[in-house]
Amino acid sequence: MTTDITKNNLSDHALIDRINQTETVFGKEMTIPAQFILQAEKDPENIAIEDNGRSITYHDLKKDSFKIAQFLNGQDVKTNDLVAVFADRNIEMIASILGIMEAGAAYVPIDPNYPMKRIQYMLSDCKCKIVITDSNNLEFLLQYADDYIETIVCLDKPGQIEIDRNLFSLDEIRKEYRSTKICLAKEDSLAYIIYTSGSTGNPKGVMIPQKAVMNTLLWLQSEFKLTKDDVIAQKTSASFTDSVWEFFWTLICGAKISVFAYETGKEPEKLYQELFDKRVTITQFVPAQMRLFLDYIKIAKITEPLPKLKWVFNGGEALLTNLARDWYQTFSKAKIANIYGMTESAVYATYYPIETIPPQEQLSIPLGKPIANTKVYVLNENRQICSIGEKGELCIGGTGITTGYLNKEQETKKAFVTHPVTGQRLYCSGDLGLLTDDGNFLYLGRKDDQVQVRGFRVELKEVERAVVSYDGIKETAVIPRLDSMGVTSIACYYTASKNSIILEELTEYLREMLPDYMIPSFFIEIDEMPLTPNGKIDRKKLPELEKGIKKKNAYVEPRNEREKQFVQIWAEVLSLDVDTIGIHDNFMDIGGTSVTIVTLHNKLREICSYEIQVADLFSYPSIAQFIEHFENNKEENSEMDLELMYLLDQLSDGKIDINDTASILDNFKG
């Protein structure tokens with residue numbers, strides 16, 4: 001539990017020691033599968049998961065997971081073996097993850113939405129002999145799977161397909177195995193390996209043991225106390241660490257998981273309706289998504305929104321005080337928990353509850369204090385403990401810390417240090433911060449090339465290595481860009497050995513290696529890179545972004561008042577000068593992201609009388625295309641409808657011979 005600590009007459013080191021007195025006893029041999037089984041036996045008929053109109057009880061979820069565990073043990077899966085999960089989120093996928101841990105193994109989630117080359121790298125790096133998938137992703141897996149994959153489990157019907165390795169369906173496993181004896185994981189067993197962006201150019205797998213993640217889950221329960229009446233929105237990809245608490249905190253405490261579709265999180269209107277309909281009590285947002293969500297509620301003029309919502313967890317990016325104030329001006333009951341952590345710290349490390357609206361004099365939202373059995377220190381460049389108010393690197397120790405990176409011994413050694421006094425192992429987060437007099441940690445940015453983009457961790461070096469591997473690119477410098485809404489995007493400066501780099505082709509090339517959130521929003525070609533005196537690229541001297549955006553289309557100015565109105569909206573959303581935006585420019589090419597396109601959607605709905613979906617803005621990404629489709633064609637279709645109605649009237653009045661209708665309609669279509 002967090003404690004209220006102020007400096008008073010304590011020395012700096014005494015205060016630091018007091019803050020880190022977080023020892024809490026949660027029990028022995030506490031593992032996710034063991035706690036889930038206890039919960040399933042306590043309330044077997046309660047609903048554990050609801051998913052797109054389907055649901056499963058705790059009893060049936062335990063039965064399915066047991067059978068999967070028995071199957072895996074029968075395939076010689078042992079403690080700390082790795083089993084890949086390459087499937088869409090649903091009831092069966094969650095059951096398979098539980099089954100993997102009940103078999104004593106660790107799951108390795110691989111998002112099917114990742115680019116092919118990234119998926120291939122992860123499969124090759126973890127070398128799982130068994131992969132659990134579904135029919136949507138089976139063909140892809142078979143096409144690109146390496147020889148080390150011996151067995152594939154398909155969670156639904158695989159259909160008629162030729163395969164050169166063992167293939168089992170979940171139905172077959174259900175029929176063959178009984179839900180009896182299984183080989184449960186131990187506290188020190190690996191629970192999962194989640195891959196994060198890597199500074200070396202490839203993602204790195206973070207290894208988390210059962211006791212580390214259980215510490216976070218049990219702390220969550222001690223702080224927020226889930227009951228069987230609570231509903232958790234499960235909307236995070238299993239390949240990201242926040243999915244861990246959405247899955248397992250819920251299931252070890254008897255609450256209900258509500259699985260949200262991937263598309264729902266992109267549409268604030270759909271997201272709101274789903275949260276309302278499913279009576280969700282706890283969910284999470286990154287700040288950019290929270291801003292869009294609040295904007296939608298204001299536009300829709302919803303009073304007393306989401307009466308069942310109790311807590312919103314904020315993470316991934318720094319929460320601005322103005323955003324927190326806006327939240328409390330909109331929501332009277334739901335509170336914000338600002339929780340800081342990373343994959344290496346088993347989801348969370350510090351916690352700051354925002355119980356009321358922040359006062360105007362408060363300039364920032366703290367990261368808070370360490371959670372149970374967690375130590376947090378600010379260390380200087382010499383790895384000595386900083387004094388109160390002194391800036392340094394946030395370093396985290398305690399029960400929740402990873403055992404290291406899979407197959408990356410040097411990366412592991414680089415990321416961990418020994419505490420200068422106690423000798424304990426600390427993870428160096430790369431985040432800069434300081435400790436305040438009241439015992440709270442503050443976030444002050446990064447010391448390296450890592451950034452958070454829409455809550456996703458991105459190593460800029462990984463993006464640079466992908467860009468510079470493209471034929472014709474000589475040098476590149478990738479930097480973050482913060483827009484007026486506080487949303488981070490990525491800008492890529494490059495020099496070229498060819499006269500023309502076709503950005504469409506470069507972007508498609510990058511999509512083969514990088515997920516969408518790592519693709520730069522801006523590409524700026526410059527003649528040469530500015531250098532520091534020691535010959536390194538001087539990122540501070542790169543030209544202003546607005547002056548160097550390379551567009552894919554020649555500039556065409558707006559031709560009428562309607563197009564000028566659209567240009568004005570685009571300029572506002574993208575924080576660009578109206579004179580730089582042409583009617584044929586692609587929104588995504590000049591800085592748009594999947595976050596800002598939702599902002600654009602909200603603003604266009606205010607001025608358009610017709611229904612617009614966010615997907616329409618991807619289909620018609622330029623102003624000219626959008627207006628042509630939704631407005632010009634509408635006028636033409638209206639005239640066409642009138643002419644057709646006149647034709648039908650003449651036909652019904654007998655003024656036109658029915659035998660002539662076909663030829664008349666042909667002319668009409670022409």
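Just so it is clear, the structure is predicted and the values come from calculations on it, not from any experiment.

Reading the values: rules and limits
- Residues numbered from 1 in each chain as written.
- Predicted model: local features only at pLDDT ≥ 70, side-chain atom pairs only at ≥ 80, totals over all residues.
- Heavy atoms only, no water.
- Salt bridge = Lys/Arg side-chain N within 4 Å of Asp/Glu carboxyl O.
- Helix = DSSP H or I, 4+ residues; strand = E, 2+ residues; numbered from the N terminus.
- Buried < 20%, exposed > 50% of the residue type's maximum accessible area, 1.4 Å probe, protein only.
- Pairing = 2+ DSSP bridges.
- Core = buried A, V, L, I, M, F, W, Y, C linked by side-chain atoms within 4.5 Å.
- Contact = heavy atoms within 4.5 Å.
- Phe/Tyr/Trp six-rings, centres within 6.5 Å; stacked < 30°, edge-to-face > 60°.
- Lys NZ or Arg CZ within 6 Å of the ring centre and 35° of its normal.
- Axes fitted to C-alpha atoms, helices over the stretch in contact; angles between N-to-C directions.
- Parallel < 35°, antiparallel > 145°, perpendicular 65-115°, else oblique.
- Left-handed = near helix turned anticlockwise from the far one by under 90°.
- Nonpolar A, V, L, I, M, F, W, Y, C, P; charged D, E, K, R; others polar.
- Expected span 1.5 Å × (residues − 1).
- Arc of directions from axis to C-beta.
- Lys, Arg positive; Asp, Glu negative; His and termini not counted.
- Polar contact = N/O pair within 3.5 Å; in protein donor to acceptor, adjacent residues only side chain to side chain.

(A) Up close: the pattern of salt bridges. The tally for this structure, following the rule as stated, stands at 28 salt bridges. The closest approach of N and O atoms between Lys375 and Glu23, which form a salt bridge, is 2.5 Å. Residue Lys375 is found in strand β17 (residues 374–379), and its partner Glu23 is found in the loop between α1 (12–19) and α2 (32–42); the two are separated by 352 residues along the sequence. Asp171 serves as the salt-bridge partner of Lys157, at 3.4 Å between the closest nitrogen and oxygen. Here Asp171 lies in helix α7 (residues 170–176) and Lys157 lies in the loop between β6 (151–154) and β7 (166–169), a separation of 14 residues in the sequence. Here Lys157 falls in the exposed class, since its relative accessible area comes to 65%.

(B) Examining the pairing of strand β9 (residues 204–209) more closely. Most of β9 is tucked away, with 6 of its 6 residues classed as buried. Neither face of β9 is exposed, since Lys204, Val206 and Ile208 on one face and Gly205, Met207 and Pro209 on the opposite face are all buried. Bridge analysis of strand β8 (residues 190–196) against β9 gives 6 bridges, and the strand direction is antiparallel. Paired with Tyr195 across the bridge in β9 is Gly205. Pairing geometry for β9 and strand β19 (residues 404–405), over 2 bridges, is antiparallel. Bridging from a neighbouring strand, Val206 pairs with Tyr405 of β19.

(C) The nonpolar core, seen in detail. Counting residues in each nonpolar core, the largest one holds 103 residues, and the members touching the most others are Leu217, Trp245, Phe248, Trp249 and Phe313. Non-local contacts of Leu217, meaning those with residues more than four positions away in its chain, are made with Ile32, Val244, Trp245, Phe248, Trp249 and Ile252. Listed in part, the 52 residues of the second largest apolar core include Met122, Cys154, Tyr195 and Val478.

(D) Region of interest: the packing of aromatic side chains. Overall, the coordinates contain 32 aromatic pairs when judged by the stated rule. Seen in terms of ring centroids, Phe86 and Phe140 are 5.8 Å apart; in terms of plane orientation they differ by 35°. Their pairing is tilted. On the criterion of sequence distance, the pair formed by Phe86 in strand β3 (residues 82–86) and Phe140 in helix α6 (residues 135–144) is long-range, its members being 54 residues apart. Looking at Phe86, the relative accessible area reads 1%, which means it is buried. Since its relative accessible area comes to 26%, Phe140 is described here as partly exposed. Where Phe285 meets Phe293, the ring centres are 4.9 Å apart and the plane angle is 35°; that geometry is what we call tilted. Residue classification places Phe293 among the buried positions, given a relative accessible area of 1%. Members of the aromatic cluster, joined through ring pairs, are Trp219, Phe224, Trp245, Trp249, Trp311, Phe313, Tyr348 and Tyr351. Sitting over the face of the ring of Tyr405, Lys204 holds its NZ or CZ atom 4.6 Å from the ring centroid.

(E) How the structure looks around the environment of Leu251. By the element assignment, Leu251 lies in helix α9 (residues 242–252). A residue is classified by how much of its surface remains accessible, and Leu251, at 0% relative accessible area, is buried. Sequence separation of Leu251 and Ile37 is 214 residues, and the distance between their C-alpha atoms is 9.3 Å.

(F) Main features of the packing of α2 against helix α3 (residues 58–74). Here α2 crosses α3 at 140°, and the two axes come no closer than 8 Å. Accordingly, the angle class assigned to the pair α2 and α3 is oblique. Note that α2 runs across α3; the crossing there is left-handed. Of α3, the residues touching α2 (which contributes Phe36, Ile37, Gln39, Ala40 and Glu41) are Tyr58, Leu61, Lys62, Ser65 and Phe66. Looking at side-chain class alone, the contact of α2 with α3 contains 6 nonpolar, 2 polar and 2 charged residues.

(G) Structural context of the environment of Thr151. Mapping Thr151 onto the fold places it in strand β6. C-alpha separation for the pair Thr151 and Val131, spaced 20 residues apart in sequence, amounts to 6.6 Å. Once you skip the residues sitting within four places of it in the chain, Thr151 turns out to touch Phe71, Gln75, Lys129, Ile130, Val131, Asn166 and Phe168.

(H) Quick peek at the environment of Tyr296. Along the chain, Tyr296 falls in helix α11 (residues 287–300). Here the alpha-carbon distance between Tyr296 and Pro268, two residues 28 residues apart in the chain, equals 6.3 Å.

(I) Highlighting the sheet that holds strand β27 (residues 522–525). Reading across the sheet, the 3 strands line up as β25-β26-β27 and stay open at both edges, with mixed pairing between neighbours. The sheet is open, and its two edges are formed by β25 (473–482) and β27, each paired on a single side. With strand direction ignored, the average angle separating the axes of adjacent strands in the sheet is 25°. Here 4 bridges tie strand β26 (residues 488–496) to β27, and the two strands are oriented parallel to one another. Its bridge partner lying in β27, Tyr494 is registered against Glu525. Docked against the sheet, helix α14 (residues 460–468) engages β25 and β26, running at close to 145° with respect to β25.

(J) Region of interest: helix α17 (residues 561–574). End to end, α17 covers 20 Å across 14 residues, agreeing with the expected 20 Å (1.5 Å per residue, within 8%). For α17, the complete set of buried residues consists of Glu563, Phe566, Val567, Ile569, Trp570, Ala571, Val573 and Leu574.

(K) Focus on helix α15 (residues 503–511). The set of residues buried in α15 consists of Leu503, Leu506, Thr507, Tyr509 and Leu510. Considered in projection along α15, the buried side chains sweep an arc of 160° and stay on one side of the axis. On its buried face, α15 is in contact with α14, β26 and β27.

(L) Expanded view of the pairing of β17. β17 sits mainly inside the fold: 6 of its 6 residues count as buried. Sheet topology places β17 next to strand β18 (residues 392–398); 6 bridges connect them, and they run antiparallel. Its bridge partner being in β18, Val378 is matched across the sheet by Leu394.

(M) Up close: unusual backbone geometry. Unlike most non-glycine residues, Asn80 shows phi in positive territory, near 70°. Relative to the elements of secondary structure, Asn80 occurs in the loop between α3 and β3. Among the residues examined, Asn80 registers a relative accessible area of 36% and is labelled partly exposed. One non-glycine residue, Lys225, lies in positive phi territory at about 55°. Structurally, Lys225 can be placed in the loop between α8 (210–224) and β10 (231–234). Look at Lys225 and you get exposed, because its relative accessible area is 51%.

(N) Here's a closer look at the packing of helix α10 (residues 268–277) against α11. Running from amino to carboxyl end, α10 crosses α11 at an angle of 85°, the nearest separation of the two axes being 9 Å. Here α10 lies roughly perpendicular to α11, going by the angle between them. Each of Pro268, Glu269, Leu271, Tyr272 and Leu275 in α10 lies in contact with α11, whose residues at this interface are Gln289, Leu292, Phe293, Tyr296 and Ile297. Looking at the contact of α10 with α11 residue by residue, the classes come out as 8 nonpolar, 1 polar and 1 charged.

(O) Structural view of the side chain of Lys235. Relative to the helices and strands, Lys235 is located in the loop between β10 and α9. Of the side chains with opposite charge, Glu246 comes closest to the buried, unpaired Lys235, at an N-O distance of 5.6 Å. Here the side chain of Lys235 touches Gln284 through a polar contact of 2.5 Å, landing on its backbone oxygen.

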